[in-house]
Structures are given as C-alpha cells and as structure tokens.
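For reference, the chains in residue letters:
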Amino acid sequence: MEIVYVYTKKRSEFGRQCNFTDRPAELHVDILPDDSAMEEFIERDPVDIGIQCVQEMSEHDANTERFETGARGINHTEGGWPKDINPNEVEQVTRYRKKVEKDEMYIGAVMQLGSVMEHCIKQNNAIDIYEEYFEDVDVESIDEAASAKTINVFRDPNEIKRTATHISWFPDGPRKLAVAYCNLQFQSTSPETSMDSYIWDVENPNKPEMTLKPVSPLVCLEYNPKDSHVLLGGCYNGQIAYWDTRKGSQPVELTPIEQSHRDPAYKTVWIGSKTGTECFSTSTDGQVLWWDIRKLGEPTDKLYLDKKQEFHNAQGAYCLEFEQTMPTKFMVGTEQGSIISCNRKAKTPNDKIAAFFNGHIGPVYSLQRNPHFTKNFLSVGDWCARIWSEDIRESSIMWTKQYSSYLTDGCWSPIRPAVFFITKMDGTLDVWDIIFKQNNPTLTLQVCDVPLHSLRVQEQGKLVAAGSHDGTTTLLELSEGLYTMARNEKNLVTAMFERETRREKILDARHKEIRLKERGKTEGSKVDDKGDQKKAKLEKEHGKQDEAAKAEGEDGERTKEEEEPFEEENLYEKAETEFFSIIEAEKKKQPTPSQDFAEVEKNNEGETGDEEKSNGEPETDTKKD
C-alpha cells in the first residue's frame, strides 16, 4: 500500500484559463477599386532614377520597454501527512507512525531504500570528497592586474532624472542598496519632479524593492547599523526624517521645520549608542545638531562651527566623520575648504572647536578616517585628495596629483588599509593603492559619461556602488587583489604613514624657522633705518663735542655729562638696534648698515688726528649704550 495524498485546488485560483481553437480566416475590411482615381493618374515618361554604385543598406533601431520581473515564493511548512493528522500533535503523529509501520509494504520499501542508502554511506566513509590534499603547501599569490567589472545598473525609474546624491549599503550583507535622489541645482527643479528615493535589491535592477516617500527630496540616506529596518534621511529643506521599512513608505517621524537646519541636510550619521536611536546631522547653515529618533521634536544638543560659537560666523559643512571608538569627537568638512576637529563634550565653547586643518581651496565633499589607522583620515575636495595625520595641522602628509576634473567623493577600502577610491566630474572612478603607486592611480574606470556624485564601498570590500548625475547607480565588482589584504600590508602602511608624518614635521619646523628669520630680517631692517638716523645725529653731536674739547678740556667733560640725559632717553632704541645688528651679523654673516657706519666712523677718526683719538668720547658713549 502506497501513501498517497492528492492536493486539490480550485480552477479559479490559478487565474483565467487560456483556450485555443481552430477557426477559418475572416475578412474584416474590403476596399473596392476606385475608377475615378485612374483618371487623375499621370504616367511619368521619361523617368530619371539616381543609382549608386554601392550596395544599398538600411539601419533600424528597436528598443523594447523595460520588463519588470517579480519574485514569488511558496512557503511549505509541513507535508506528507494526511489531511486529518495534525503534525503539531505528538500523539496523532505517533499513532499514525505505528499504523504505517505495521503495513507490509512499508517494511519492503524501507528495505529497498536501505540498500541504496547503505551504499552511499559506505562510499562517503571510504572517500572524503572534501579533503584538502595541499593544506600545508603555501601557494604564492599571483599578482594579477587590478580590474573591475560592472554587475548591475540601477536607473532612476522616473522620467525626469535626478542625481543619486547618497548611497547606503544594507548592514546585514550585500543584498540591498538604499539610494537618495535629489536635484541639487538651486531653483532648477521642475514641479513635476518626483521626490521619491528607493531601496534596491542587488540582484533585481528592473524594479525597486521599496519606495521611500519624503516630504522633501532626500540629500542623504543612512541605514541604522543596529537595526536594518530603520533608515535616517536628511531632506533638501533641512528636515531630518526616519523610516521603518516594516511600517511602509511614509516617514515615521519628522523634525519640525523651525528646529531643523536652514539649508539642505547634507550629512547624517548614526551614533553607536546603547539604544541605537541617537544620530546627528550637519548642513551648510553652520550647525551640527544631535537627535534622538524617539523624540524628534527638538535637537538634544547643538554646535555652531565657529570658535566663539557665534551663528553668524559659522562655516557651512558638507560632510561629517565620526568614529565609534571616539564617541565625543568628530570631524567636519566645510565649504570654505577647511577640516574642523570638534569635541562635543568640551567644557568651554572655545574647546569645542579643537583644531583646523587647512589644505583645500574648495569645499570638502568627503571625509573619512582610515578604518585601520584612525589617526589618519582622507579628505576629498577641489582637484586633489589628501591624507592627513592628527599630529600635524599645518599640512597633509600625502596627496594625489592635481586632476584636470573636479573631485566629488572618496572613501577608504574597509579591508585594505592602503586602498582608497575617488569619483570625478568626468565620470571616472580612480582606485589608489599607495603601496603599489603613489603618483598615479592603480586603476581608472570610465563608469559613465556624466559626472559621478556619490560613492560607497560594501563592508566586505568587494562591491563598489557609484551614483551619477543622471540618477544611475552602477554596481562594480573589484578584482581579488583590491579586497584581499597582504600579510605585511599593515606594517608597510604604518611605516609609510610614520615616515611621511616625520618628514612633514621636519619640513614644518624648517618653515617656521625660515619665517622667523624673515620676520627678524624685516623688523631688523626697519630698526636699522631708525638707528642710522639716530647715529647720524649722534655723529653730528660728537663732532661738536670734539671741537669744544679742543678749545677747553674741562668744558668737554661737562658737555659729556650734559649729554648723558639725552643718551638715557634713547637707550631702548639703541639697545634694540644693537641687538638686531648682532643677530644679523651672526645668522646672515653679512655687513649691516650699523657695521658700515662703524667703519666709516673709524676712518673719520683716523683722518681727524691723534688728538681726537686720544679724547675717546665715542668709545665712552658705546660703553654707556
């Protein structure tokens, strides 16, 4: 006896049935000949026809509409049991098993299947098909050329295309991609432009998996790393909103407009708190606002990007950098080209703005710490990308070449500490490997013909998503060498960063020394000019004293004593003059104007005669000085 169960289903549940039948042809339209048209016919005679001596060819283009596919599945929980048996009831299942095991056909079927199963088990025990024969042998890695291939392209489904301004990867694996779409060109958005942003399935580029409907176009969009159902978005009108994918396409809550940013919220970042609900945002209005999504009525904290915490002097920000291991510190890239290091929990307002890093001549569009070396961070702005060290504020330790096209975004590889990526306005993506080459990128990819605007690398380092100006998001897969770390790579990058940091410190100290010398030279020359005028005046006075001394000796002594108050009044200026003249003599080893005057004075004394030399009044004045 065989156990058979027939599944039944109504015909109406399968959809409408297609019926095909054979039938004869039917005539729907019959157009009879028109005799009146024959009277108007004019025969062409002769007929001129141009003939080419080459083969005639035709060209035709056809493009079908995009076909949207959908995945449908059936959940099969339990099967093989009769309809009247509940598989969740242990007693019914046990009773039914005993009934089946008593059947003669059951024993025969088990014996027949047992021999087949026994053969497979013996085969598996004899041979381990998963055995690794060469585990102990070190295979030398083959240095293949760096490359990347396009896996999928996600296009903005709307007729009016918008820029893919921000990309966020699904935190639990490379399965989904959240893309924010917004037209950032001021007052150029059409009223018919859609405000929707989308969550894409990586394997289905035809149709978005979910649509997010904000009140204003989203400039940025971030997955919550602790809850993959929650997304945080910064709107073009400055509001902050968050979505829960389990609750639909509408935002769960929005910040009030009067408490939000006054400019577009260009960057939002989740804080790794215990609750997983805290975040902060920044904008070009110069504010950094902290939020808790459980209560978005007002910000929990506020910081102005100004040393004195004055709102009217605050610098507008384009990007944020936050490291979870340093919960109170963060960095901001401003539209003035400077990078500001901030401390949220500083005691005084002046300490909240800890340091400035100036190196870009245009807005800083991207800022990220190296995942393996948190002291070093990458900044992208104007036509150059720079690598900085927190120990040096005057200049970056490394930088790329000056590109001919503007840079728009950049980020580090999460796996390899020596690799970072850069997007540009000419539609290319550059991959830099600073161990391999420091002057040129290792790989340059022409992703599209329009400017690239956003970039994000997946946590495993294998997939890169780049968003363009026309709303196209391209998914690229890198070659193995770009996401596989070498054994000694960390040590090499550590040595490289330390060497460049040390070099910049030496150069910075040398620059400071040169600046001090130049300042001393400038101030010394000014003081020397004053000293020349004073000494010319003193020389004139000395000449009068010498003439008086020749006439009467005692009167000369009295004149010298009367001169002392004048000398004391100008003592500071004389001492300052002498001090800078000594510095110039030692450092520059060049004759100063004061030395030239001393030689001239010495020559004048020689010409005057022995009697004037014996008087010695200039020497006495010098001692007083």
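Everything numeric here is computed off the predicted structure, so don't read it as measured data.

## Remarks on the overall build of the chain
Within the chain, the secondary structure is distributed over 10 helices and 28 strands. Out of the 625 residues in the chain, the part that is buried amounts to 40%. Taking the contacts inside the chain whose residues are at least 6 apart along the sequence as the reference set, 52% of them involve residues at least 24 apart. Put simply, the chain shows about 40600 Å² of open surface, and 50% of that area lies on carbon and sulfur atoms.

## Focus: the sheet that holds strand β15 (residues 329–334)
Pairing within the open sheet is antiparallel, and its four strands lie in the order β14-β15-β16-β17. The open sheet has two edge strands, β14 (317–322) and β17 (353–358), and neither has a second partner. With direction set aside, neighbouring strand axes in the sheet form an average angle of 20°. Note that β15 and strand β16 (residues 338–343) share five bridges and pair antiparallel. Considered in β16, the bridge of Phe330 is made with Cys342.

## Examining the confidence of the model for the chain
Low-pLDDT portions of the prediction should not be read for the details of their coordinates. Residues at a pLDDT of 70 or more form 82% of the chain, whose mean pLDDT is 79. Within the chain, the element-level pLDDT minimum falls on helix α10 (residues 617–624), averaging 39, and the maximum on strand β27 (residues 463–468), averaging 92. Low pLDDT (under 50) marks residues 548–569, which in the prediction has 17 contacts with non-local residues, meaning those over four places away or in another chain. Predicted confidence for residues 607–625 stays below pLDDT 50, and this span has 21 contacts to residues more than four positions away or in other chains.

## With respect to unusual backbone geometry
In this model, Asp45 is joined to Pro46 through a cis peptide bond whose omega is 0°. Relative to the helices and strands, Pro46 is located in the loop between α1 (35–39) and α2 (90–101). Positive phi, normally seen in glycine, also occurs at Asp382, with a value near 45°. Note on placement: Asp382 falls in the loop between β19 (376–381) and β20 (384–389). Using a relative accessible area of 4% as the deciding quantity, one classes Asp382 as buried.

## With respect to the sheet that holds strand β7 (residues 227–235)
Strands sit in the order β6-β7-β8-β9 across an open sheet of four strands; the sheet is antiparallel. The open sheet has two free edges, formed respectively by β6 (218–224) and β9 (253–254), since each of these has just one partner strand. Here β6 runs beside β7; their pairing, made up of six bridges, is antiparallel. Directly across from Asn224, in β7, lies its bridge partner Asp227.

## Some words on the pattern of salt bridges
Counted according to the given criterion, the structure contains 23 salt bridges. A salt bridge links Glu118 to Lys122; the nearest nitrogen and oxygen atoms lie 3.5 Å apart. With Glu118 and Lys122 both in helix α3 (residues 104–126) and four residues apart, this pair spans about one turn of that helix. On the basis of relative accessibility, which here comes to 43%, the residue Glu118 falls in the partly exposed class. Its relative accessible area of 54% is what places Lys122 among the exposed residues. A salt bridge links Arg162 to Asp156, with the shortest nitrogen-to-oxygen separation between them at 3.2 Å. Taken as a pair, Arg162 and Asp156 share a single burial class, namely buried.

## Overview of the side chain of Thr400
With respect to the helices, strands and loops of the structure, Thr400 is situated in the loop between β21 (398–399) and β22 (407–412). The buried category is assigned to Thr400, whose relative accessible area is 5%.

## Side note on a nonpolar patch on the surface
A grouping of Tyr106, Ile107, Val110 and Met111 is seen on the molecular surface, where their side chains present a nonpolar patch of about 390 Å² in accessible area. Within the fold, Met111 resides in helix α3.

## Points about the environment of Lys521
Structurally, Lys521 is set in helix α5 (residues 489–551). Taking the relative accessible area as the measure of exposure, Lys521 reaches 43% and is therefore partly exposed. In the structure, Lys521 is positioned 59 residues away from Phe580 in sequence and 8.4 Å away in space, judged by C-alpha atoms.

## As for the packing of aromatic side chains
All told, the structure shown has 19 aromatic pairs when counted by the stated rule. Here Phe377 and Trp388 contribute two aromatic rings whose centre-to-centre distance is 6.3 Å and whose plane-to-plane angle is 5°, an arrangement assigned as stacked. Pair noted here: Phe377 is in strand β19 and Trp388 is in strand β20, with a separation of 11 residues, a long-range link. Overall, the relative accessible area of 0% leaves Trp388 in the buried class. In this structure an aromatic cluster arises from ring pairing among Tyr266, Tyr318, Tyr365, Trp383 and Tyr406. Its end group placed over the ring of Phe170, Lys176 keeps NZ or CZ at 5.0 Å from the ring centre.

## Some thoughts on the nonpolar core
If you look at the biggest cluster of nonpolar residues, it comprises 19 residues, and the most contacted ones within it are Leu378, Ile387, Met398, Phe420, Ile434 and Phe497. Of all elements in the fold, only β19, β20, β22, β23 (419–424) and α5 reach the threshold of two or more residues within this core. Among all residues touching Ile387, those that are not within four sequence positions of it are Phe377, Leu378, Ser396, Ile397, Met398, Trp412, Phe420 and Phe497. Membership of the second largest hydrophobic core comes to 17 residues, among which are Leu429, Val447, Cys448 and Ala466.

## Re α3
The end-to-end C-alpha distance of α3 is 34 Å, a good match for the 33 Å that 23 residues give at a rise of 1.5 Å each. Where α3 begins, the side chain of Asp103 points an oxygen toward the backbone nitrogen of Met105, at a separation of 3.5 Å.

## Considering the environment of Asp508
Position of Asp508 among the secondary structure elements: in helix α5. Asp508 sits in the buried class, given a relative accessible area of 16%.

Rules used in this analysis
- Residues numbered from 1 in each chain as written.
- Predicted model: local features only at pLDDT ≥ 70, side-chain atom pairs only at ≥ 80, totals over all residues.
- Heavy atoms only, no water.
- Helix = DSSP H or I, 4+ residues; strand = E, 2+ residues; numbered from the N terminus.
- Buried < 20%, exposed > 50% of the residue type's maximum accessible area, 1.4 Å probe, protein only.
- Contact = heavy atoms within 4.5 Å.
- Areas by Shrake-Rupley, 256 points an atom, 1.4 Å probe, with all protein chains shown as cover.
- Pairing = 2+ DSSP bridges.
- Axes fitted to C-alpha atoms, helices over the stretch in contact; angles between N-to-C directions.
- pLDDT = per-residue confidence, 0-100.
- Salt bridge = Lys/Arg side-chain N within 4 Å of Asp/Glu carboxyl O.
- Patch = residues over 30% accessible without salt bridge, like charges linked within 9 Å, V, L, I, M, F, W, Y side chains within 5 Å.
- Phe/Tyr/Trp six-rings, centres within 6.5 Å; stacked < 30°, edge-to-face > 60°.
- Lys NZ or Arg CZ within 6 Å of the ring centre and 35° of its normal.
- Core = buried A, V, L, I, M, F, W, Y, C linked by side-chain atoms within 4.5 Å.
- Expected span 1.5 Å × (residues − 1).
- Polar contact = N/O pair within 3.5 Å; in protein donor to acceptor, adjacent residues only side chain to side chain.

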